[in-house]
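Spelled out from the first residue to the last, the chains are:
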Amino acid sequence: MKMHNFNSGPSILPATVLEQAAAAIINYNNTGLSLLEIGHRAKWFEEILHEAIGLIKELMELGTEYEVLFLHGGASTQFMQVPMNLLDTNDTAAYIDNGIWGTKAIKEAKLFGNVAVVSSTKDKNHSYIAKDFTVPANAKYLHFTTNNTVEGTEWHQLPATDIPLVADMSSDIFSRPFAYNQLGVIYAGAQKNMGAAGVNLLVIRKDMLGKISRPIPAIMDYQNHIEAGSLLNTPPVFAVYVAMLTLRWIKQEGSLAVMEQRAKERANLFYNTLDALPFYTPIVAKEDRSLMNATFAITDATLEKEFLDLCKENGMVGVKGHRSVGGLRVSMYNALPLSSVEAICDLMKAFAAKYA
Ligand code: PMP
């Protein structure tokens, strides 16, 4: 039986993607070789990489001023690789502190230059997005997290600033049409809306580069990766392939407008159910609610374990909140069918009725 997969990442992927990825491991496109056995400089892999980059540029509506890279290390590596490449020791970068991932990015950036935290929502456990702030005019960039996976908040429009934006989009990338081509840098670990863990997407506007004097280790230098076309060293071949299949699926389903429409359907159903049941407590400000990760609590917290056990019995995984904040969280990424949200809403109603 297929589980209802509410995992926050790695998370649900389209069934057709999993089938194709599984087949490619045994015999890639009738080549008589597994995808895991082909060289990364073989024509087959070049085609995969080329198609994936083309799909990203198309879905994000990027012009030729942007470069698209597949890098190792997951989004956490970008917490340090971004400032290493963009921030000189005496420069200042502005950061928005809207959640635990943003906080980690700030800590890493401080190793490379000056950091101005222009807005922090720590005062209320990151349960909202603070949209009013002032960015120092000399800031090289403003870093923000478009969707706070752990806390369940999301930016529904771009932060208002003239400073180049650097966005960690790990948990809402490709979930909606967005002003991708107004950002200086976009990065995301693939393991939510884009595929399997093990690869990192980096999109960079070329004018962001070449402005610092620090020596950068070769493997960390964006410029080197650009010149090598994401083939500076052996890329995570399988993860890039799964990303390409997932991007193909997004396009075939009707692109980002359809992803957004489905995300809204799922989120509306979930939040409407939550709001109608005082048995549960929503955690974040209504206007800042994430369409990807809904966080909530049971008003009587002593019932949480029983609720989670019931989820498990009903084939639902991933409902426990992040270990740092507790409570409950339902992640609803692109591939999650509406029927899974219907199932957990029914369970929530029944559980509340039991204690009414
Ligand atoms: N940023 C965000 C918004 C995330 O959700 C995560 C992981 N859940 C990370 C960064 C860290 O990603 P990784 O584990 O790929 O380093």
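All values reported here derive from a predicted model rather than from experimental measurement.

A few words on helix α4 (residues 100-109). Turning to α4, its buried residues number three or more, namely Trp-101, Gly-102, Ala-105, Ile-106 and Ala-109. When α4 is viewed along its axis, its buried side chains cluster within an angular range of 145° and face the same direction. On its buried side, α4 packs onto α3 (74-86), β3 (92-97), β4 (114-120), β5 (142-145), β6 (147-148) and β8 (165-168).

Pairing is mixed in the open sheet, where seven strands are placed in the order β2-β10-β9-β8-β5-β3-β4. The open sheet has two edge strands, β2 (66-71) and β4, and neither has a second partner. Neighbour-to-neighbour, the strand axes of this sheet turn through a mean angle of 20°, independent of strand direction. Sheet topology places β3 next to β4; six bridges connect them, and they run parallel. Bridge pairing in β4 places Ile-96 opposite Ser-119. Packed on one face of the sheet, α3 meets β3, β8, β9 (185-189) and β10 (200-205) and runs near 150° to β9.

Let us now look at the UniProt feature "modified residue: N6-(pyridoxal phosphate)lysine" (unreviewed entry) in the protein chain. The UniProt record annotates "modified residue: N6-(pyridoxal phosphate)lysine" (unreviewed entry) at Lys-192. The residue Lys-192 is located in the loop between β9 and β10 in this model. The residues contacting Lys-192, other than those within four sequence positions of it, are Gly-9, Ser-11, Ser-170, Ser-171 and Tyr-333.

Before going further, it helps to spend a moment on the nonpolar core. Soluble globular proteins tend to bury their nonpolar side chains together. By size, the foremost hydrophobic cluster in this structure holds 100 residues, and its most contacted members are Ala-52, Val-240, Ala-243 and Met-332. Take this core: its biggest share by element is 10 residues, from helix α6 (residues 237-253). Shared between two domains, this core takes at least three residues from each, and those domains are domain 1 (15-253) and domain 2 (255-354).

Taken in spatial order, the three strands of this open sheet run β11-β12-β14, and their pairing is antiparallel. Unpaired on one side and paired on the other, β11 (280-282) and β14 (328-331) mark the two borders of the sheet. For this sheet the average axis-to-axis angle between neighbouring strands, irrespective of direction, equals 35°. The sheet strands contacting helix α7 (residues 255-276) are β11, β12 (293-298) and β14, and the helix crosses β12 at an angle near 15°.

This part covers α6. Every α-helix winds through 3.6 residues per turn, so residues three or four apart in the chain are directed the same way. Its 17 residues place the ends of α6 24 Å apart at the C-alpha level, agreeing with the 24 Å of an ideal helix rising 1.5 Å per residue. Among all positions of α6, only Val-237, Ala-239, Val-240, Tyr-241, Val-242, Ala-243, Met-244, Leu-245, Thr-246, Leu-247 and Ile-250 are buried. In this fold, the buried residues of α6 make contact with α1 (15-26), α2 (43-60), β2 and α7. Looking at the residues trailing α6, positive phi occurs at Gly-254, about 125°.

With that settled, the discussion passes to unusual backbone geometry. The omega angle of the peptide bond from Gly-9 to Pro-10 is -5°, so this bond is cis rather than trans. Of note, the phi angle at Asn-29 is positive, near 45°, even though the residue is not glycine. Assessed through the 13 C-beta atoms surrounding it within 10 Å, Asn-29 is described here as partly exposed.

What counts, and where the lines are drawn
- Counting restarts for each chain: residues are numbered from 1 in the order of the written sequence.
- Where totals are concerned, whole chains, interfaces and linings use all residues; where local detail is concerned, this predicted model gives features only for residues with pLDDT of at least 70, and gives and counts side-chain atom pairs only at 80 or more.
- Residues with at least 20 neighbouring C-beta atoms inside 10 Å of their own are called buried, those with 12 or fewer are called exposed, and the rest are partly exposed, where every C-beta is derived from the backbone.
- Where helices and strands are cited, they refer to DSSP runs of H or I of at least four residues and of E of at least two residues respectively, numbered from the N terminus.
- Directions from the helix axis toward the C-beta atoms define the arc.
- Placing a C-beta atom from the backbone of each residue, one calls two residues in contact when those atoms lie within 7 Å.
- Pairs of strands are assigned from DSSP output, requiring at least two bridges between the strands.
- For every element, the axis is a line fit to its C-alpha atoms; helices are fit only across the contacting stretch, and the angle between N-to-C directions ranges from 0 to 180 degrees.
- UniProt positions are given in the numbering used here, feature names are shortened, and annotations may be inferred rather than shown by experiment.
- For the purposes of this analysis, a nonpolar core is taken to be any set of buried Ala, Val, Leu, Ile, Met, Phe, Trp, Tyr and Cys residues that are connected through C-beta atoms within 7 Å.
- Domain delimitation in this document rests on an assignment produced automatically or drawn from a domain database.
- The length a helix should cover is 1.5 Å for every residue beyond the first.

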